[in-house]
Amino acid sequence: MSEAPATISRPQRWDVPFESAMGAVAVARILSIPPFSQIDASRFPASTSLPDILLNDTGLRSFKKNQVIVREGDYGNSAFFIITGSVRVALGKDAIPAEVLGRRQPEKKDFLSTLRQLWGNARYPEVRSLRRYKEAKAGAEHEKGDDTTAIFLHDIPSVLKGGTAVLTAGMFFGEIAALSRTPRTATIFAEEDCELLEIRWQGLRELRLRAPEIKQFIDTNYRKYSLENHLRETKYFKDLSPAELKEVANQTRFETYGSFDWHSNYKKNRDVAPEERIKEEPLIAEEGQYANGLVLIRAGFARMSQKYNQGERTASYLSRGQMFGFDEIAHNWNTKDSAPLQYTLRALGYVDVLVVPTSVVEQYILPKIPQASFPPPIVAQNKQINDRRDGELSTDVVEFLVDNRFINGRATMVMDLDRCTRCDDCIRACASAHDNNPRFVRHGHQIGRYMIANACMHCLDPVCMIGCPTGAIHRNALGGQVVINDTTCIGCSTCANSCPYNNIQMVEIRNELGEHILDQENRPVTKAAKCDLCVEQMTGPACVNACPHDALTRVDMQDTQTFAKWLQR
């Protein structure tokens, strides 16, 4: 053992700024440009002043003509503000072929590296290199995404499949993906040489929170430039003419239900009886009422339920891209009936919706739908909630997933306890892939013979990212896995406390000699740790591959049919 303890300064939020080149001159310049020049700086506390946010959470970026700035499908942790020049948005899904965008597979360990880790793992738990932390402080390290190679588009007219739109100086873009923790919905490239301000989402959130003019500016821009594109990608809307689409967009309402930080209330009410908890969920539309609009889920989750005896029974759950109320509106228009809503829709946490009035749907949408494509009559549908077919989850399973919010998982670890022999091969494989540190716990909620284990689910809405002050926990830009940058993690525990599923652990780190690393006050330094879905491993999750009994799988809860087939093996 060494005589002197291993010590470092306790990590702080802005130890590693987003861009080391940002200085006082650059900040003063940004503050002279609208809308930043119109912000009342006195609304910001001294601990997170407006100049400090610009200094530490933003960076200046230059792009050449035709250079790709963001790609459709990538996960973004930042938004952009156009300082000079202009950018062009490629409208429509897959508007530019993937091969043209230079999309590549995430980097994986090669065969030799994979083999080497079998005997190269640390002898002690949670070993870290002190040198890496000191080097990070010397030069800024930030997450700009996992692909920093510049990509330029050539012969643009031939590669573009759809229309485009131009955004000019003074506009924001990328804020929806950054704030809602969802993939980018469009590819954007430089229309000409341009200079942009990239804003880390933590900084953008502070700006929206304390500067309402920024929030209003961004929302107005969204209605003006992005709503029509969103509607165009929605089923039943794609055949509308540009003029019709514009009219529909003008009459569409934005509505938000629940809290952005929904995990706090969920954890507080987790032990409340389900029949009581459902009453606390914000009501979006109620069974038996007239369908006065088509509800499109823009972000978040919603529960569809139906009256059952003295309570309610969950029929399904909806997420981004799905709609509610269409069947009733179509039925009434087609049959001249007046059937009310057959289900109740409630917000599960935070839900952002678009509401298209019924009269607008009847005028623009329904006349364009072939008769054969109309949904079946309302009466026939009522049987579905109690009469599930092969390939569908049972009502009990749906309610279990919804009540425990497991619907949020994109890679939920599910175990079949009848097949599991407790051989621990999964845990040993996980430890081997993570320097002798297992990243999940074989424990969790159960329904029948199945268990949802305590392993990161790589959520569709990863609320663990909401409070992270440094952006250390973020999405992998290529695969969308939720990962932690160990260098910029300051051990504040915010992510671990926010995770509704207790799937993040705080660990005390050690040096190569097994000694605890201490801060300047001799307190152990901690870091957040969790499953990273073996993002660097050649064959994907080691736990799944190691199970000799096919008792373990990772499930995307948006793909309920695949999950139902696995349960019905």
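Overview of the structure.

The rules behind these values
Residues numbered from 1 in each chain as written. Predicted model: local features only at pLDDT ≥ 70, side-chain atom pairs only at ≥ 80, totals over all residues. Heavy atoms only, no water. Helix = DSSP H or I, 4+ residues; strand = E, 2+ residues; numbered from the N terminus. Buried < 20%, exposed > 50% of the residue type's maximum accessible area, 1.4 Å probe, protein only. Contact = heavy atoms within 4.5 Å. Areas by Shrake-Rupley, 256 points an atom, 1.4 Å probe, with all protein chains shown as cover. Pairing = 2+ DSSP bridges. Axes fitted to C-alpha atoms, helices over the stretch in contact; angles between N-to-C directions. Disulfide = S-S within 2.5 Å. Core = buried A, V, L, I, M, F, W, Y, C linked by side-chain atoms within 4.5 Å. Polar contact = N/O pair within 3.5 Å; in protein donor to acceptor, adjacent residues only side chain to side chain. Patch = residues over 30% accessible without salt bridge, like charges linked within 9 Å, V, L, I, M, F, W, Y side chains within 5 Å. Salt bridge = Lys/Arg side-chain N within 4 Å of Asp/Glu carboxyl O. Parallel < 35°, antiparallel > 145°, perpendicular 65-115°, else oblique. Left-handed = near helix turned anticlockwise from the far one by under 90°. Nonpolar A, V, L, I, M, F, W, Y, C, P; charged D, E, K, R; others polar. Phe/Tyr/Trp six-rings, centres within 6.5 Å; stacked < 30°, edge-to-face > 60°. Lys NZ or Arg CZ within 6 Å of the ring centre and 35° of its normal.

Let's shift gears to the overall build of the protein chain. Counting its secondary structure elements, the protein chain contains 20 helices and 24 strands. For the protein chain, buried positions account for 54% of its 569 residues. Sequence separation of 24 or more characterises 80% of the internal contacts of the protein chain that already satisfy a separation of 6 or more. Surface exposure of the protein chain reaches about 26100 Å², of which carbon and sulfur atoms provide 50%.

In this section: the sheet that holds strand E24 (residues 552–555). The antiparallel open sheet is built from four strands, whose spatial order is E17-E18-E16-E24. In this open sheet, the two edge strands, each paired with only one partner strand, are strand E17 (441–447) and E24. Averaged over all adjacent pairs, the angle separating strand axes in this sheet is 40°, with direction ignored. This element, helix H16 (residues 395–403), spans E17 and strand E18 (450–454) of the sheet and lies at about 130° to E17. The strands that helix H20 (residues 560–567) touches are strand E16 (412–416), E18 and E24; relative to E16, the one it contacts most, it runs at about 20°.

Here the focus is the state of the cysteines. According to the stated counting rule, one finds zero disulfides in the structure shown. The thiol sulfur of Cys423 is not disulfide-bonded, and the nearest other cysteine sulfur, from Cys547, lies at 6.3 Å. Summary of cysteine pairing: Cys456 is not part of a disulfide, and the nearest cysteine sulfur, belonging to Cys531, is at 5.7 Å.

What follows deals with the sheet that holds strand E2 (residues 58–63). Ordered in space as E2-E9-E4-E7, the four strands form an open sheet in which the pairing is antiparallel. The strands lining the two open edges of the sheet, one partner per strand, are E2 and strand E7 (172–173). Here E2 pairs with strand E9 (residues 194–200) via six bridges, running antiparallel. When the bridges of E9 are listed, Ser62 appears paired with Glu195. Along the sheet face, helix H7 (residues 201–210) touches strand E4 (78–84) and E9 and points at about 85° away from the line of E9.

Glancing now at the pairing of E18. Burial runs high along E18: five of the five residues are buried. Bridging between E17 and E18 involves five bridges; their strand directions are antiparallel. Bridging across to E18, His445 finds its partner in Ile452. Linkage of E17 to E18, two consecutive antiparallel strands, is achieved through a turn of two residues, within which Gly448 is found at a positive phi near 60°.

With that settled, the discussion passes to the nonpolar core. One finds Leu393, Leu401, Val414, Ile473, Ile504 and Phe563 to be the most contacted residues of the largest nonpolar core, which totals 42 residues. Those elements that place two or more of their residues in this core are helix H11 (262–268), strand E15 (344–357), H16, E18, helix H18 (494–498) and H20. Per element, the largest residue contribution to this core is five residues, and it comes from H16. Setting aside residues up to four positions removed in sequence, Val414 forms contacts with Tyr450, Met451, Ile452, Ala551, Leu552, Thr553, Val555, Met557, Phe563 and Trp566. With 41 residues, the next largest nonpolar core counts Ile284, Val295, Ala330 and Tyr364 among its residues.

Relative to the helices and strands, Asn437 resides in the loop between helix H17 (425–433) and E17. Engagement of the side chain of Asn437 in a polar contact is seen with the backbone nitrogen of Glu126, the distance being 2.9 Å. If near-sequence neighbours (up to four positions away) are discounted, Asn437 is found in contact with Pro125, Glu126, Cys430 and Ala431.

On to a nonpolar patch on the surface, then. Together, Phe111, Leu112, Leu115, Leu118, Trp119 and Met538 make up a nonpolar patch on the protein surface, roughly 690 Å² of accessible area in all. Classification of Leu118 as exposed rests on a relative accessible area of 56%.

On to the pattern of salt bridges, then. Taken as a whole and assessed by the stated rule, the structure comprises 27 salt bridges. For Arg346, the salt bridge identified is with Glu312, shortest N-O distance 2.8 Å. In this pair, Arg346 is assigned in strand E15 and Glu312 in strand E13 (residues 311–318), connecting sequence segments 34 residues apart. Between Arg523 and Glu521 there is a salt bridge whose closest N-O contact spans 3.4 Å. The class of Glu521 is exposed, set by a relative accessible area of 54%.

This paragraph deals with unusual backbone geometry. Among all residues save glycine, negative phi is the norm, and among peptide bonds the norm is trans. In this structure, the amide linkage connecting Pro34 to the following residue, Pro35, adopts the cis form with an omega of 5°. Following the sequence through the fold, Pro35 ends up in the loop between helix H1 (24–30) and helix H2 (50–57). Phi is positive for Arg422, which is not a glycine, with a value near 60°. Of note, Arg422 is situated in the loop between E16 and H17. Notably, Cys534 is not glycine yet its phi reads approximately 50°, a positive angle. In this structure Cys534 comes out as buried when scored by relative accessible area, which is 6%.

This paragraph deals with H16. In terms of burial, H16 is largely enclosed, as seven of its nine residues are buried. Those residues of H16 that fall on the buried side of the exposure criterion are Thr395, Val397, Val398, Phe400, Leu401, Val402 and Asp403. Backbone geometry just downstream of H16 places Arg405 in the positive-phi region, at approximately 60°.

So, on to the packing of H2 against H7. Helices that pack against each other are described as a pair by the angle of their axes relative to one another and the distance between those axes. Two elements in contact, H2 and H7, have axes whose closest approach is 9 Å; the angle formed by their N-to-C orientations is 160°. Taken together, the axes of H2 and H7 are roughly antiparallel relative to one another. In the packing of H2 onto H7, the handedness of the crossing is left-handed. Of the residues in H7, those in contact with Leu50, Ile53 and Asp57 of H2 are Gln202, Gly203, Glu206 and Leu207. Among the residues forming the contact of H2 with H7, the class breakdown is three nonpolar, two polar and two charged.

What follows covers the packing of aromatic side chains. Scanning all chains against the criterion turns up nine aromatic pairs. Arranged with centres 5.6 Å apart and planes meeting at 50°, the rings of Phe400 and Phe406 form a pair that is tilted. Here Phe400 falls in the buried class, since its relative accessible area comes to 12%. Taken together, the aromatic side chains of Phe36, Phe81 and Phe172 make up a single cluster linked through ring pairs. It is Arg569 that lies over the ring of Trp566; its NZ or CZ is 4.1 Å from the centre.

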